[in-house]
Every structure is written in structure tokens, then in C-alpha cells.
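# Coordinate analysis (summary)
Chain by chain, the residues:
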Amino acid sequence: KGAEHFKKALEINPENYFAKNSLYELGIESRFQSITPGGGQDETPEDYKSKAGYSFNYPGNWKVVETEKKVSLISPSQITIEIFLLPRPANLDFEQYVDRLRKPDLPLIKYGFIDLPNTQKAYARLWKSEDGATISEFYVYKDGKIFGILVNPATTEAEKAFDVIAGSLNAN
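The paragraphs below set out a description of the structure included in this document. All values reported here derive from a predicted model rather than from experimental measurement.

What counts as what
- Residues numbered from 1 in each chain as written.
- Predicted model: local features only at pLDDT ≥ 70, side-chain atom pairs only at ≥ 80, totals over all residues.
- Heavy atoms only, no water.
- Helix = DSSP H or I, 4+ residues; strand = E, 2+ residues; numbered from the N terminus.
- Expected span 1.5 Å × (residues − 1).
- Buried < 20%, exposed > 50% of the residue type's maximum accessible area, 1.4 Å probe, protein only.
- Pairing = 2+ DSSP bridges.
- Core = buried A, V, L, I, M, F, W, Y, C linked by side-chain atoms within 4.5 Å.
- Contact = heavy atoms within 4.5 Å.
- Phe/Tyr/Trp six-rings, centres within 6.5 Å; stacked < 30°, edge-to-face > 60°.
- Polar contact = N/O pair within 3.5 Å; in protein donor to acceptor, adjacent residues only side chain to side chain.
- Salt bridge = Lys/Arg side-chain N within 4 Å of Asp/Glu carboxyl O.

## Things to note about helix 4 (residues 156–168)
Spanning 13 residues, helix 4 covers 19 Å between terminal C-alpha atoms, matching the ideal 18 Å at 1.5 Å per step. Within the span of helix 4, buried status applies to Ala158, Ala161, Phe162, Ile165, Ala166 and Ser168.

Written out as C-alpha cells, the structure is:
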């Protein structure tokens, strides 16, 4: 319960050293974390550049939380989209990489390669979570890099945000 208080404190003041350090000490967050509150009043796209060097647009009323491993976008209705850069083994092409992905323990609804604007290749998997929500997982190949994008739950609102993000993703 104390962790929730520290997270709230970071929402109010993203530079709160005490809250950042406390979450790190609790093992909840890594030392590196950046929070950008959703300052926009509407979904007008805003630009974001991650510490890992990639950039994208996102709905301006969503909150952005970046840690060492991922960028999480959280909508006012608590939809979460996580973006993370994946290691690309030199000896595998994208199709071989996707073929070796760990299969989720939950039942897959559908999966396969998809056409996604502004990318070289993309693969998607949809499944039902234990609570019945549909989760979308995307693997995007762009400029020699592989991105994982997890959308939970996969709703119409989430799909619109995903389209903004994926359509503007820049591997830099």
C-alpha cells in the first residue's frame, strides 16, 4: 500500500527523489524513471522521445511513464500501452525471431503477420486474459530494430491510440 502513495507522489511531482528512491528500494521500479503527466485536455497527439532513442506520437491526454526497460502510456480510462525495445539476435531475421517467441499461457484468439503503416514488418497476437479482457501484443520491425508493444485491454480507444503510436514510431 505504501508503494501506491509513492506512485501518487510521483504523479504530482515527477522529480520527487524520496518517492523515486522508495519505489526502487521496494523493488517496484528501477532507478531510472520518468513520468510525463497527461497534460492535454484532449487526444491531440504529442511527441515523445524515449531515453533509449526511439520516438513516437501519443494522445496528449495520456500519461507517460518511462523506466529503463519500457515506456508505458496510460489513458484516462486506465488502458495501458507498453513499448519496449527488444534485443535482435544477429543470426535471426524477423520471421525467425517471431517464430521463436514464447507462447502465452492464455488461449490465443488469433495471430499472424499484419500490414502496419510506417513499419517494415509487423506481427500480432491477441488473447484473452484470465479476467476476460482481450490483450494485443505486437512485434514491430523498423530500421533494424524490434519493438514490442503490449495493449491492455484491446479496446476501440486503445486501437486508436495504437494507430497514432505505431504510425509515428521512429527508431532513430
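Once you've had a look at it, read on.
## Digging into the pairing of strand 5 (residues 71–74)
Remark: a regular strand shows side chains that alternate across the two faces of the sheet. What you see with strand 5 is no split at all: Val71 and Leu73 on one side and Ser72 and Ile74 on the other are buried throughout. Where strand 4 (residues 63–67) meets strand 5, 4 bridges bridge the pair, whose relative direction is antiparallel. The partner of valine 64 across the bridge, within strand 5, is leucine 73. Hairpin connection, strand 4 to strand 5: the antiparallel pair is bridged by 3 residues. Two elements, strand 5 and strand 6 (residues 80–86), share 4 bridges in a ladder whose sense is antiparallel.

## Let's talk about the nonpolar core
By size, the foremost hydrophobic cluster in this structure holds 26 residues, and its most contacted members are Phe56, Tyr58, Leu73, Ile81, Ile83 and Ile149. A total of 5 residues in this core trace back to one element, the largest contributor, which is helix 4. Those residues in contact with phenylalanine 56 that lie beyond four places of it in its chain are Glu46, Asp47, Tyr48, Val71, Leu73, Ile83, Ile165, Ser168 and Leu169. Phe84, Phe94, Tyr97 and Val98 belong to the second largest nonpolar core, which has 10 residues in total.

## Here we look at the packing of aromatic side chains
Summed over all chains, the structure comprises 9 aromatic pairs. Put simply, the rings of Tyr48, Tyr54, Phe56, Tyr58 and Phe147 touch in pairs and so form one group of aromatic residues.

## Quick look at the side chain of serine 136
Mapping serine 136 onto the fold places it in strand 9 (residues 134–142). Owing to a relative accessible area of 7%, serine 136 belongs among the buried residues under this scheme. Leave out the neighbours within four places in its chain, and serine 136 touches Arg125, Leu126, Ile149, Leu150, Val151 and Ala154.

## Description of the side chain of arginine 125
As for its placement among the helices and strands, arginine 125 is situated in strand 8 (residues 121–128). A distance of 2.7 Å separates polar atoms of two side chains, one belonging to arginine 125 and the other to glutamate 137. Residues within four places of arginine 125 in sequence aside, it is in contact with Leu101, Arg102, Lys103, Pro104, Leu108, Lys110, Tyr111, Ile135, Ser136, Glu137 and Tyr139.

## Notes on the pairing of strand 10 (residues 145–152)
Of the pairings in the sheet, the one linking strand 6 to strand 10 comprises 7 bridges and is antiparallel in character. By the bridge assignment for strand 10, leucine 85 is matched with phenylalanine 147. Bridge count between strand 9 and strand 10: 7 bridges; the pairing is antiparallel. Note that in strand 10 the partner of serine 136 across the bridge is valine 151. Once strand 9 ends, the chain turns through 2 residues before running back antiparallel as strand 10, passing aspartate 143 with a positive phi of about 50°.

## As for the pattern of salt bridges
Where charged atoms of side chains with opposite charge meet at close range, the side chains can pair. Scanning the entire structure with this criterion turns up 3 salt bridges. Here glutamate 137 makes a salt bridge to arginine 125, at a shortest N to O gap of 2.7 Å. Of the two residues, glutamate 137 sits in strand 9 while arginine 125 sits in strand 8, which places them 12 residues apart along the sequence. Taken as a pair, glutamate 137 and arginine 125 share a single burial class, namely buried.

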